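Residues per chain are reported as follows:
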Amino acid sequence: MSTKRELYRDPKRGKLAGVCAGISDYFNIELWLVRIVFVTAVLLAGGPLFIVAYIAAWFILDTKPAETNHGEAQKAAHVGEVKAKVWQKGEPPRKALKDLKEFMTDLDTRIQRMETHVTSPTFTVSREINKL
C-alpha cells in the first residue's frame, strides 16, 4: 500500500521558506534533524553551494497544498507516532538500544542474504544470459 509522495515546501512549519520542513515530510524524519544536517553541511562542506541549493529549492518547489479532513486524520496519527519516539515518550535507553540492535541485526541478515545471492554462480549465469 504505497502512497505517492511529492516534495513540497511547508512554510507553516518552516522558519524561512519551509524547504527543510518539506524535506522532513518527504523523508519522514524529524524537522530539527534536517535543520541540523543542513546547517552542518553549510558550515563544513561548502556553504555557498548549499545556500544556493536552498534558494533554488525555495523557488522551484510548490507550497504544500491545504489538507482535507482526511489529511488531518493522517497528521494526527503521525503526531501520535512521533510522540512514541524515545526522547518524547520517556522510553528507557536500554529498551531503545535493544530495539535498535534488533533492527540492525535484521538489516545485517538481509544484507548477508543479498550478498550471498549476488556472489552466487546462479546470479552470474542469469546476468550473462540477460546480456545476450
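Residues numbered from 1 in each chain as written. Predicted model: local features only at pLDDT ≥ 70, side-chain atom pairs only at ≥ 80, totals over all residues. Heavy atoms only, no water.

(A) Structural context of the overall build of the chain. Regarding its fold elements, the chain presents six helices and zero strands. Tracing the chain from N to C terminus, the helices and strands come up as α-α-α-α-α-α. The 132 residues of the chain split such that 17% are buried. Sequence-distant contacts, at least 24 apart, represent 41% of the contacts inside the chain between residues at least 6 apart. As presented, the chain carries roughly 10,900 Å² of accessible surface, and 64% of it is formed by carbon and sulfur atoms. (Helix = DSSP H or I, 4+ residues; strand = E, 2+ residues; numbered from the N terminus. Buried < 20%, exposed > 50% of the residue type's maximum accessible area, 1.4 Å probe, protein only. Contact = heavy atoms within 4.5 Å. Areas by Shrake-Rupley, 256 points an atom, 1.4 Å probe, with all protein chains shown as cover.)

(B) Geometry of unusual backbone geometry. Unusually for a residue other than glycine, Asn-28 sits at a positive phi of about 55°. The class for Asn-28 is partly exposed, based on a relative accessible area of 43%.

(C) Examining the packing of aromatic side chains more closely. Overall, the coordinates contain three aromatic pairs when judged by the stated rule. Centroid distance Tyr-26 to Phe-27: 5.0 Å. Interplanar angle 90°. Geometry classified as edge-to-face. Taking 6.1 Å as the distance between ring centres and 15° as the angle between the ring planes, the aromatic pair formed by Trp-58 and Phe-59 counts as stacked. Looking at Trp-58, the relative accessible area reads 32%, which means it is partly exposed. (Phe/Tyr/Trp six-rings, centres within 6.5 Å; stacked < 30°, edge-to-face > 60°.)

(D) Summary view of the confidence of the model for the chain. Of all residues in the chain, 77% attain a pLDDT of 70 or more, and the chain-wide mean is 79. Of all secondary-structure elements in the chain, the lowest mean pLDDT belongs to helix H3 (residues 69-83), at 50, while helix H6 (residues 121-131) reaches the highest, 89. (pLDDT = per-residue confidence, 0-100.)

(E) Local environment of a nonpolar patch on the surface. On the surface, a cluster of nonpolar side chains totalling about 660 Å² of accessible area is made up of Leu-16, Ile-51, Ile-55, Trp-58, Phe-59 and Ile-60. On the secondary structure map, Leu-16 appears in the segment before helix H1 (19-27). (Patch = residues over 30% accessible without salt bridge, like charges linked within 9 Å, V, L, I, M, F, W, Y side chains within 5 Å. Salt bridge = Lys/Arg side-chain N within 4 Å of Asp/Glu carboxyl O.)

(F) Inspection of the pattern of salt bridges at higher detail. According to the stated counting rule, one finds five salt bridges in the structure shown. The residue Asp-25 makes a salt bridge to Lys-64 at a minimum N-O spacing of 3.3 Å. With Asp-25 in helix H1 and Lys-64 in the loop between helix H2 (31-60) and H3, this residue pair connects regions lying 39 residues apart in the sequence. Its relative accessible area of 29% is what places Asp-25 among the partly exposed residues.

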